[in-house]
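# Reading the structure
Letter by letter, the chains look like this.
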Amino acid sequence: VSKIIKIKSFIIIVLLIILPSFFTGCLNNSSEENEGDNKDLENVYVENFTFTLLDGNKKSTSEYQGNVVVLDLFGVNCQPCQFQMMVMDQISKNYSSKGVKIISIDVWIVFGETPGLVKDFIDEFKAQLDIVLDWTFGVDNASGTIFYKYVPADKGIPMLYILDKNGNIYYSHAGYMDYSSLSTKIDGLLE
Amino acid sequence: MKETIKNVLVVMLIAGLCLPIVGVATANDIIVGEISISPEEPTRLSEVTFTVEITGNDIEQVRIKVEECNEIMCYQYLLNESMTNTEGNIWTGTATLIHDDTVVGHSWLVIKSNGIWYDYRNDKTTWKNFTVVPGDNGGDNNGTDGGGNTGKKTPGFEPILVIVSIVVALFIYKKKRT
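In this report, the structure presented in the accompanying data block is examined. Keep in mind that this is a model prediction, so the values were computed, not measured. (Residues numbered from 1 in each chain as written. Chains lettered and ligands numbered in written order. Predicted model: local features only at pLDDT ≥ 70, side-chain atom pairs only at ≥ 80, totals over all residues. Heavy atoms only, no water.)

### Some thoughts on the overall build of chain B
Applicable threshold: The helix and strand labels rest on DSSP assignments: H or I over at least four residues marks a helix, E over at least two residues marks a strand, and numbering proceeds from the N terminus. Burial classification: accessible surface area is computed with a 1.4 Å probe over protein chains only, and a residue below 20% of its type maximum counts as buried, one above 50% as exposed, and the rest as partly exposed. Any two residues having at least one pair of non-hydrogen atoms within 4.5 Å are treated as being in contact.
Helices and strands together make up the secondary structure of chain B, namely two helices and 10 strands. Out of the 178 residues belonging to chain B, those deemed buried represent 34%. Put simply, of all contacts in chain B between residues at least 6 apart along the chain, 63% involve residues at least 24 apart.

Next up, the structure:
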């Protein structure tokens, strides 16, 4: 009889410990969310993909092998992306000489944005802010191939990737990132 | 006089020939009014009603797309709700905001006419920004851990639950033994 009681007690204890874990597991989905970084995407090789330049020509990311690349997935009508452009401008000015390449790809083509709209966007930066966005600009296709593959469903744009010289994802970040944080990450890779 | 009448008849004939062509060309034209939003400043996670006047023939379906942006990014996932023709040319639809850190929303229409979907994303008259205010059910979310999709790290109560369950378990075990 005492053995049965012992077993029963043990089961009750186990259940009491495990049950709250179930509930906490259900609640835990937000606490493990990141602050913009996507750890699960780090050290993953970015399959080379092709995007369309604003003049209609195609370009492959494979052409950037050997360079550190900052990939900025943006949308013209996304306000945080506009602020991110100013940071990218600073990155361009300070890191081009170190071999860092910037690629900005409009991924909201899937929502109706056009290469013409991106050109207007670049012109507006020059006219309104006297900022020349002089790095590589491109667009995704109308199906949103790049958008759906590289912008996680629970995240958004701007979506930044830093790729090492072999094309591996060294760092990724969803949302606006200031110059200091972004340059620190790039420095970490260049060292 | 005779010449004038002749000219008028020629003009009428040309106009008569051209008008049906123009009519066909404009039959597919859809005029979309500005989207009105109720409430104008919705709270996070709340239901928003969108109303818009659309004139044009062959409008088969209308959907409202809603994008939510927080301070640093615009979310990938869009709300995509159907609108109904409530009266005349007025279309109404509702969508429930899904993020608890939204500060700005954008809404625009996609309209199906003659089997083709038209996206009015870049039509500034329909692409409407609206400001979202924190409200009671959003914001800082301190002390809870079920706050949705913010990605914010907020203090949770999981360790407390675990500690309480261990204490209760020990208490029961001790009681059983005595």
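### A short note on the state of the cysteines
We apply this condition: By definition, disulfides here are pairs of cysteine sulfur atoms that lie within 2.5 Å.
Considering all chains together, one arrives at two disulfides over all chains under this definition. Between the sulfur atoms of Cys78(A) and its disulfide mate Cys81(A) the distance is 2.3 Å. As the torsion about the S-S bond is roughly 80°, the Cys78(A)-Cys81(A) disulfide counts as right-handed. As far as the burial class goes, Cys78(A) and Cys81(A) line up, both buried. Disulfide pairing places Cys69(B) opposite Cys74(B) at an S-S distance of 2.2 Å. Its S-S torsion of about 100° marks the bond between Cys69(B) and Cys74(B) as right-handed, since a negative value means left-handed. This pair shows no difference in class: Cys69(B) is buried, exactly as Cys74(B) is.

### Looking at the pairing of strand β8 (residues 104-113) of chain B
Residue and element names in this part refer to chain B. Heads up, the rule is: One requirement defines pairing of two strands: DSSP has to find at least two bridges between them.
The buried count for β8 comes to eight of 10 residues, which makes it a mostly enclosed element. Relative to β8, strand β4 (residues 59-69) runs antiparallel, the two sharing 10 bridges. Residue pairing across strands places Ile 64 opposite Leu 109, the latter belonging to β8. In this structure, β8 lies alongside strand β10 (residues 128-131), joined through four bridges in antiparallel fashion.

### Examining helix α3 (residues 115-129) of chain A
Residue and element names in this part refer to chain A. Short version of the rule: One fewer than the residue count of a helix, multiplied by 1.5 Å, yields its expected span. Summarising the geometry, the arc corresponds to the directions from the helix axis toward the C-beta atoms.
In a regular helix each residue adds 1.5 Å, so 15 residues correspond to 21 Å; α3 covers 21 Å between its end C-alpha atoms and thus fits that length. Inspection of α3 places Val 118, Phe 121, Ile 122 and Phe 125 among the buried residues, and these make up the whole buried set. Seen end-on, α3 carries its buried residues on one side only, within an arc spanning 95°. Those residues of α3 that are exposed and aimed more than 90 degrees away from the buried face are Ala 127 and Gln 128. At the C-terminal side of α3, Asp 130 shows a positive phi close to 55°.

### Here we look at helix α2 (residues 79-95) of chain A
Look at α2(A): 24 Å from first C-alpha to last across 17 residues, which is about the 24 Å you get at 1.5 Å a residue. Within the sequence span of α2(A), burial applies to Pro80(A), Cys81(A), Gln84(A), Met85(A), Val87(A), Met88(A), Asp89(A), Ile91(A), Ser92(A) and Tyr95(A).

### Quick look at a nonpolar patch on the surface
Definition in use: Like charges within 9 Å and nonpolar side chains (Val, Leu, Ile, Met, Phe, Trp, Tyr) within 5 Å are joined into patches, using only residues over 30% in relative accessible area that form no salt bridge. Per-residue and other accessible areas were derived by the Shrake-Rupley procedure at a 1.4 Å probe size, with only the shown protein chains allowed to occlude residues. Within this document, salt bridges are pairs made up of a side-chain nitrogen of Lys or Arg and a carboxyl oxygen of Asp or Glu, the two lying within 4 Å of each other.
Taken together, the side chains of Ile7(A), Phe10(A), Ile11(A) and Leu15(A) define a hydrophobic patch exposed on the protein surface, amounting to about 400 Å² of accessible area. On the basis of relative accessibility, which here comes to 44%, the residue Ile11(A) falls in the partly exposed class.

### Here we look at the packing of α2(A) against α3(A)
All names here are of chain A. Our working definition: Only the stretch in contact is used when a helix axis is fitted, and all axes are lines through C-alpha atoms; the angle between N-to-C directions ranges over 0 to 180 degrees. For classification purposes, angles smaller than 35 degrees are called roughly parallel, those larger than 145 roughly antiparallel, those between 65 and 115 roughly perpendicular, and all remaining angles oblique. Crossings are classed by handedness, with left-handed meaning an anticlockwise turn of the near helix from the far one by less than a right angle and right-handed meaning a clockwise turn. We call Asp, Glu, Lys and Arg charged. Ala, Val, Leu, Ile, Met, Phe, Trp, Tyr, Cys and Pro are nonpolar, and the rest, Gly among them, are polar.
Here α2 crosses α3 at 70°, and the two axes come no closer than 12 Å. With respect to α3, the element α2 is oriented roughly perpendicular. Like other packed secondary-structure pairs, α2 and α3 cross with a definite hand, here right-handed. Residues Gln 82, Met 85 and Met 86 of α2 lie in contact with α3, whose contacting residues are Phe 121, Phe 125 and Leu 129. Along the lines of polarity and charge, the residues of the contact of α2 with α3 split into five nonpolar, one polar and no charged.

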